[in-house]
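Secondary and tertiary structure notes
Letter by letter, the chains look like this.
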Amino acid sequence: MNVLSVDNLEVEFSLHHGGIKAVRDVSFSVPHGRTVALVGESGSGKSVTAQAIMQILPKAARITEGAITFRASGSESPVDIASLAPDGEQIRAIRGGMISMIFQEPMVSLSPLHTVGNQICESVLLHQQASRQAARGIARDMLDRVGFPDPDQAMKTYPFELSGGLRQRAMIATALVCRPALLIADEPTTALDVTIQAQILNLIRDMQADLGMAVLLITHDLGVVANVADHVVVMYHGEIMESGSLETIFRSPGHPYLQALMRAIPHFDMKPDERLVPVREIRSSVGSLLQKDRKTSLGPGSLHLEVNGITRSFMIRNRPLFGKSRTLENRAVDRVSFNVYRGECFGLVGESGCGKTTLSRILMKALSPDAGSVTFHDESGATDVLGLQDEDLFGFRRKLQFVFQDPFSSLNPRMTVFDIIREPLVIHRIGDSDHHVRMVRELMELVGLDSRFLNRYPHSFSGGQRQRLGIARALALKPELIICDEPVSALDVSIQAQILNLLKDLGSELNLTTIFISHNLAVVDYIADRIAVMSRGRLVEIAPKEMLFNDPRHPYTRSLLGAVPFPDLDKPLDFDAVMDERASDPSAWPHPYRGGPADNLALVDVGNGHHVQMQVEIAR
Amino acid sequence: MIGYILKRILVMIPTLIVISILVFAIIQLPPGDYLETYIAELQSQGESVDESKIAFLRAEYGLDRPMYQQYLVWASGMLVGDFGYSFEYNLPVNEVIGDRMFLTIAISVVTILFTWMIAFPIGIYSATHQYSWGDYGLSFIGFIGLATPNFLLALVMLYLANVYFGTSIGGLMDPEFIDQPWSARKIISVFEHLWIPVIVIGTSGTAAMIRRLRANLLDELQKQYVVTARAKGMEERKLVRKYPLRMALNFFVSDIGSLLPSVISGAEITAIVLSLPTTGPMMLAALQSQDMYLAGSFLMFLAVLTVAGVLLSDLLLVALDPRIRLQGEVVK
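Residues numbered from 1 in each chain as written. Chains lettered and ligands numbered in written order. Predicted model: local features only at pLDDT ≥ 70, side-chain atom pairs only at ≥ 80, totals over all residues. Heavy atoms only, no water.

A look at the overall build of chain A
The helix and strand tally for chain A stands at 23 helices and 22 strands. Principal-axis analysis of the C-alpha atoms places the extent of chain A at approximately 80 × 60 × 50 Å. Burial statistics for chain A: of 620 residues in total, 55% are counted as buried. Here the analysis covers contacts within chain A between residues at least 6 apart in sequence; of these, 69% occur between residues at least 24 apart. Summed over all atoms, the accessible surface of chain A reaches about 26100 Å², with 48% contributed by carbon and sulfur. Looking at charge distribution, chain A has the averaged site of its 63 positive side-chain charges lying 4 Å from that of its 73 negative ones. (Helix = DSSP H or I, 4+ residues; strand = E, 2+ residues; numbered from the N terminus. Buried < 20%, exposed > 50% of the residue type's maximum accessible area, 1.4 Å probe, protein only. Contact = heavy atoms within 4.5 Å. Areas by Shrake-Rupley, 256 points an atom, 1.4 Å probe, with all protein chains shown as cover. Lys, Arg positive; Asp, Glu negative; His and termini not counted. Charge placed at Lys NZ, Arg CZ, Asp CG, Glu CD.)

Right, dumping it as C-alpha cells:
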C-alpha cells in the first residue's frame, strides 16, 4: 500500500516575466514503511516537490496540475493534498501530524528564542489532545529516543547551545513526536560532518523501523542514497529522468544523465590516473603570459612551505547572569607541524571546528599564531612568513594566494568580472592596462570561461562559474602556492567534478603547489598527493594518500573513513560502528593514541612518510 | 543578574558626571550670562540700570565666583533635588517645571501607546500581506504621515477640531481651567484636548515604526524556522506571533533607549504651534535667554533619561533574548 502517491504533479512559479514550471509531470509513490530517495542537483525541483506535498510552497508558486494522494493507513480514506487550501484546517492537521519534515540546516530550522522542549511540545499540543504536563512528558521521551544523553536538561536548552548533530536530533524529535506516517527529509545531513551524518542516517533508519513510517529522502548525495533508500527517483530540470528500485538504479543506470552523474562522483577505488567525467566538460587552455617566468631552478619535490609548531588559542568568556564569569581557553590550532613540497597537492581533512580554517588563515598571515613558525622556500631562499612586515609582506603576497569556500560572498557583487580579476594586478602595480586586458583574457580562458563575459557582474554566473572566477583571480599574480579552503563544498557534484579537474590540471600545467582543505575525504583522495588529518586542532595522521586509505592507523582517521557513504551497493556503511560520538574525543582513543597527563603526544614516523600521532615513549 | 544590574548602574555614575560637566560647559559657552542679557534688555528699553542691584544679584546667584565653584554648587544642588533658580521666572526651577513636566509625561505616554497600538497591527499586516493592495495603501498613508511636517498637520487638526467639535484652540485644556486646582471636569477637558497633540506628534513616529516593523518582520518571515513551524501545522497567525514577531521585537526593545529622552524634548515645534503647556517650548526659551539653571536642568533630565533608557532596553534585551543571555563571547 502506498502512503503517498504523486501523479502528474506540475508546480508553476509566477514571475514578472511569466510563469516557470519548476516541476513538470512528476509521478512517483512512497510505499508504507519504505524509504524513497528523490535525487537531483540544485534547481532540479526536488525540494519544490517536497514543499508541494506539504503545501508549504513559496507564495509565488502554486500547484497547477496533478494529484498528491495521501493515505495515512489502510483504514483511512485517501486525501488529495493538491486540492486542499494551503492554510486550511485539513492540511494543517496533516502537516506535522501525519506528514513531518526535517530540513537541511539544523542551525536555522529551529527558533533560537524558544527552548527545545517548548518547540517539541508545540507539535504535541497542535496535534494531540494532551495537557501541557502530558505534552512535556511525551517530548521528554522523544528526546530520550533520539539519543539525548540528558533529556530533562535538553528540554530546557536553547538550540544554539547544542552542537550541529544534536540540533538535527532535536529537529528529528520535533518532527517525529506526533508519529507521522511519512517523514520528508530535505537534505537532512548535507550540513553535517561525515561521522555525524552517519549517526543521523542511522537514527532516521532506527526511528523508521520503530514507528513504521515511510521516508521521502531528498538529497543530492548518491552515497547517502545507496545506504538508506529502497527506491530511487532521479530528477533533473523539474522532470523525472529515471526511477526504480535501488538495485536497478545503481547496478544498471539507464538514463544518460544518471550515468553521467555517477561518473562525476569521486570515490575511493579510482585508479591513480583515472579522471572524473563532469556532466558538462569545460575547456581550459594556458596562454603565453601565464607560462612566462614559470621556470624555476627548484625541482619538484623540494621543500616549499615549512610549518612548525603553530598554536593558536581563542579565549571564550562565558559570563552567566548568575555566578562567576569563566574564561575558557580553546586551542583552535595546537602545535601543528608539516611540510609541503614543491608541485604537490597537500590535502588537509577534518570535521567542522577542527581548526583547519584557522590554520589556513595563519598560513596566509591573516591571523597571527600564539607560537610557531611558517617558512616559505623559493629561489631567493627561506622566508619567515610570520615575521614579514609592510613592504616585504606586500611583495610576498604575490607568491601565495587563496581560493575561498563560498563563491557567492567572495566576489564583490558591484564589480564587473574584469575588475575583479584585474584587481590583484592593479594592487601590485603589474603592467599597464593593455597588459591587464590580455592577462585577464588569458585567465578567463584558463578557467574555461568565455572572455565575452568580462563586462558582466558576478550575479549572472552560476556557483561553479563563480568559483572559477575566484580561481582566476587567485592565479592573476602567478603565485607559486595556492590555498583552497573547501572550494567545492558549496557546489553540486557535477560542478564539483569540473572544478576538481580544473584545479588538478592547473596544478600540473602551472607547476603550482596546492594546499587543499576539505571535509570530504573522497574529494581530497581524488586531488591530493599527501593528506593530513586534523582533529581538535591537532594533526593526527599525515601520509601519502594510498597509504592513508589502505592503512589508516589512527582511530580518528579510521572512524572518519568508516563513516563515508559510498555510492556503491557492495560497500554498505557499517552503521553500528559509527554510532558513538567518541571517535573525535581524544580521551576515548585507545592506548598509544591517548595523551597521558603530561600530554606527550607527537607525530611519529611509522615508515615511508607515514606519520601518526601517538605517545612518544611508546614509539621509542 | 543582580550583580549585572548593579554594575550597570555604577557605570552610569561616571557617565552622568561627565555629561553634567559637558552640559555646564555648553551653557556657559555663549559670551555673557543671564544678567548681561537682562541689562541689555533694560537699556534697550531706556530704563536705568542699578549697578548695585546687579552686583547684588551677581553675588546672590554666585555668578561672580570661578567657574568650577559654580559647577559644584549646581551639581551638588541637583543631588538633593535643588535644580537652581530660574532668572526668567524668578522661581526655583522645580516650581517652574513641576506642572508642565506632568502634562508632558502624560502627552508623551499617551503618544507612545498610540504609536504602538497603531503601528503594530499595521506593521504586521503589511509584512504578512507584502505587495497586496492593503500593504500598498497603508504604506502610502504611512509615507504621507512621514512626509507631512508636524506643525502643518497641527494647524489642520486644530482647525478641524474647532469647526467640528468646538474644541478651543491651543493648549491642553479650556482656558477656564488654567491655573485651577485639578478636578474631574478639568481632567475631562484635558482628555478632550489631548488627542490632537497625540495624533500630531504620533503620526511620523507611527509611520516610521510601521516601516521598520515591516522590514524587520519581512526579514524574519523568510527564515527557515518559520517554514519549520508551518510544517508543524501551526496556524499562520499564531505562528507569526510566536516566532517572527518575537524575533522582530529586538529592534523595538532597543528603541526604548531613545524613546525616553524624546518624552521630554520631543515635538517642541508642535508644542509651540499648539501652545501646549509642556516642557519643550520652555526649554527652547531657556536656551535662548541663557536662563542657565533651567536650561541645564532640562539637558540633565535628557541625559539621565537617555542613560536610564539604554539601561532599560539592555536589561529587557537580556531578559527577552536567550542568545544574549547565554552565549559566550570571544575575547582577544
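Let's pick the thread back up.
A word on the overall build of chain B
Per the secondary structure count, chain B includes 15 helices and three strands. The principal-axis extents of the C-alpha atoms in chain B amount to approximately 85 × 65 × 35 Å. Taking all 332 residues of chain B together, the buried fraction comes to 42%. In chain B, the share of contacts with a sequence separation of at least 24, taken over all contacts with a separation of at least 6, comes to 73%.

Regarding the nonpolar core
Residues and elements named next belong to chain A. The biggest cluster of nonpolar side chains holds 158 residues, and the ones touching the most others in it are I68, F70, L182 and I184. With nine residues, the top contributor of residues to this core is helix α8 (residues 194-211). Those residues in contact with L182 that sit more than four places away from it in its chain are V3, L4, V30, F70, M98, I99, S100, A214, V215 and L216. Residues A332, F346, C354 and L388 belong to the second largest nonpolar core, which totals 32 residues. (Core = buried A, V, L, I, M, F, W, Y, C linked by side-chain atoms within 4.5 Å.)

Describing the interface of chain A and chain B
Taken residue by residue, the interface counts 36 residues in chain A and 30 residues in chain B. Applying the counting criterion to the chain A and chain B interface returns two salt bridges. Across the pair E122 of chain A and K242 of chain B runs a salt bridge, and its minimum N-O distance is 2.6 Å. Put simply, chain A and chain B have 12 residue pairs in polar contact (both at pLDDT 80 or more) between them. Counting only elements with at least two residues in the side of chain A that touches chain B, the list comes to β6 (99-102), α3 (106-109), α4 (116-127), α7 (164-176) and β11 (303-318) of chain A. With six residues, the single largest contributor to the side of chain A that touches chain B is α4 of chain A. Of the residues belonging to the side of chain A that touches chain B, the class tally is 18 nonpolar, 11 polar and seven charged. (Salt bridge = Lys/Arg side-chain N within 4 Å of Asp/Glu carboxyl O. Polar contact = N/O pair within 3.5 Å; in protein donor to acceptor, adjacent residues only side chain to side chain. Nonpolar A, V, L, I, M, F, W, Y, C, P; charged D, E, K, R; others polar.)

A look at helix α5 (residues 93-128) of chain B
If you check α5 of chain B, its first and last C-alpha atoms are 50 Å apart, about what 36 residues at 1.5 Å a residue would give, namely 52 Å. At D99 of chain B, α5 of chain B shows its maximal bend, which comes to roughly 30°. (Expected span 1.5 Å × (residues − 1). Bend = angle between axes of the 7 residues up to and from the residue.)

Regarding the sheet that holds strand β4 (residues 61-70) of chain A
All names here are of chain A. The four strands lie next to each other as β2-β1-β4-β5, forming an open sheet whose pairing is antiparallel. The outermost strands of the open sheet, each flanked by one partner alone, are β2 (18-31) and β5 (79-80). Note: strand β1 (residues 2-15) against β2, 10 bridges, orientation antiparallel. The residue of β2 that forms the bridge with F13 is I20. On the sheet, helix α1 (residues 46-54) packs against β1, β2 and β4 and is oriented at approximately 110° with respect to β1. (Pairing = 2+ DSSP bridges. Axes fitted to C-alpha atoms, helices over the stretch in contact; angles between N-to-C directions.)

A look at the pattern of salt bridges
Residues and elements named next belong to chain A. Summed over the entire model, instances satisfying the criterion amount to 26 salt bridges over all chains. A salt bridge links E247 to R251; the shortest N-O distance between them is 3.2 Å. Pair noted here: E247 and R251 are both in helix α10 (residues 246-251), with a separation of four residues, about one helical turn. Looking at E247, the relative accessible area reads 45%, which means it is partly exposed. A relative accessible area of 46% places R251 in the partly exposed class. A salt bridge links R538 to D334, with the nearest nitrogen and oxygen atoms 3.3 Å apart. Pair noted here: R538 is in strand β20 (residues 538-544) and D334 is in strand β12 (residues 326-341), with a separation of 204 residues, a long-range link. Taking relative accessible area as the criterion, R538 reaches 11% and is therefore assigned buried. Its relative accessible area of 9% is what places D334 among the buried residues.

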